[in-house]
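For reference, the chains in residue letters:
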Amino acid sequence: MTAAPSLPEIKIDAHASADAARAFLERDRLMAAYALADIDQPEIEGARWWIARRDGEIAAVVMVVEGLPFRPCFATGASDGLAALFREAIREPRVLLATPPRSRGAIEMSYRFERVDHMRRMNVNVQRFRPRINQEVRRLRADDLDTVIDLYGHASRTYFTPERMRREIYFGIYQADVLVSAAGTHVRSTKSSIAAVGNVLTRLAYRGRGMARSCTSAVTETALEQHRDVVLNVREDNAAAIAVYERLGYQTHGLFIEGPAVRRPGWERLFGSLKEKK
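1. Topic: helix H1 (residues 18–25)
Then comes step 1: A large share of H1 lies buried, amounting to six of its eight residues.
Then comes step 2: Those residues of H1 not exposed but buried are Ala18, Ala20, Ala21, Arg22, Phe24 and Leu25.
Then comes step 3: Where H1 is buried, its residues contact helix H2 (33–39), strand S2 (47–54), strand S3 (57–65) and strand S4 (72–77).

2. Re the pattern of salt bridges
Then comes step 1: Enumeration according to the criterion identifies 21 salt bridges in this entry.
Then comes step 2: Each of Glu26, Arg29, Arg228 and Asp229 takes part in salt bridges that share partners, so that together they form one network.

3. Remarks on the environment of Ser192
Then comes step 1: Inspection of the secondary structure puts Ser192 in the loop between strand S10 (178–189) and strand S11 (194–202).
Then comes step 2: With 155 residues separating them in the primary sequence, Ser192 and Ala37 have C-alpha atoms 6.9 Å apart.
Then comes step 3: Not counting residues within four places of it along the chain, the set of residues in contact with Ser192 comprises Arg22, Glu26, Arg29, Leu36 and Asp40.

4. Thoughts on the side chain of Thr202
Then comes step 1: As for its placement among the helices and strands, Thr202 is situated in strand S11.
Then comes step 2: Exposure remark for Thr202: the relative accessible area of 8% places this residue in the buried category.
Then comes step 3: Among the polar contacts listed, one links the side chain of Thr202 to the side chain of Ser181, at a separation of 2.8 Å.
Then comes step 4: The residues contacting Thr202, other than those within four sequence positions of it, are Val180, Ser181, Arg207, Met211 and Ala212.

5. Here we look at the environment of Ala18
Then comes step 1: Tracing the backbone through its elements, the reader meets Ala18 in helix H1.
Then comes step 2: For the pair Ala18 and Met109, spaced 91 residues apart in sequence, the C-alpha to C-alpha distance is 27 Å.

6. Remarks on helix H6 (residues 145–152)
Then comes step 1: Every buried residue of H6 is accounted for by Leu145, Val148, Ile149, Leu151 and Tyr152. All buried residues of H6 lie within an arc of 160 degrees about the axis, which places them on one face of the element. Seen from the open side of H6, the exposed residues pointing more than 90 degrees away from its buried face are Asp146 and Asp150.
Then comes step 2: In this structure, the buried residues of H6 make contact with helix H7 (162–167), strand S9 (170–175), S10 and S11.
Then comes step 3: Just downstream of H6, Gly153 is the residue with a positive phi angle, here 105 degrees.

7. Thoughts on unusual backbone geometry
Backbone phi values are negative for most residues with the exception of glycine, while trans is the configuration of most peptide bonds.
Then comes step 1: The backbone of Asp55 shows a phi angle near 55 degrees, a positive value even though the residue is not glycine.
Then comes step 2: Asp55 sits in the exposed class, given a relative accessible area of 65%.
Then comes step 3: Phi is positive for Arg71, close to 50 degrees, though the residue is something other than glycine.
Then comes step 4: Here Arg71 is to be found in the loop between S3 and S4.
Then comes step 5: Judged by relative accessible area, Arg71 falls into the partly exposed class, the value being 22%.

The rules we used
Residues numbered from 1 in each chain as written. Predicted model: local features only at pLDDT ≥ 70, side-chain atom pairs only at ≥ 80, totals over all residues. Heavy atoms only, no water. Buried < 20%, exposed > 50% of the residue type's maximum accessible area, 1.4 Å probe, protein only. Helix = DSSP H or I, 4+ residues; strand = E, 2+ residues; numbered from the N terminus. Contact = heavy atoms within 4.5 Å. Salt bridge = Lys/Arg side-chain N within 4 Å of Asp/Glu carboxyl O. Polar contact = N/O pair within 3.5 Å; in protein donor to acceptor, adjacent residues only side chain to side chain. Arc of directions from axis to C-beta.

Encoded structure:
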């Protein structure tokens, strides 16, 4: 019996250009929307990416936003490429990891999910988009920073900055001087012409009045004026939110998993001993 030919060895490229990584991520630009936006502004958030190549061709890409304390991480590509990247290149002790479900096994060889949320990536169907704004919404700017932090909580102070409020698109609803509902873009990129909507939040006492829908509508409408694609994430078990987004004109693009993941202890020693045996 003739043995099956082995695949060429996976090689890690830690110095690949943004253009190389972007070209691979563009193969599924809607699922890679956050990474595409981050890769176009690495000097702002401290984004860094690694590429796995097989016979010179890109097999997988992993990006980590090192400038944020919770270390968002996006991983996509072939299983052997991802396994190599997380084994040999990614050294963060803890990341907030998003990846297609099929990639979980390869990643969990060296990282362990502490929790797994099943998520849905949705994108706007431009022909079906119908904004529903039933309250007075207001564009939020850097001057609104204190009220934004008050709405999202003190821990959000490291995330919401004057630069972020100037750079991103945020809309909110005020009652008197209190910001009671808001939504905005997590990240967006003019170069990739893509925006990711999120941070949708309404104070408990004001929920059920359609405020979140109005804010999301305003953010989406403004983002579509400047970008080709607009996406958002929603938990698979949040049927009510999915229904609202579908009525606005969002549609499901695909599913992914997300959650905090920690590096498995002792993996470096085990990997080192395996290399020595070779």
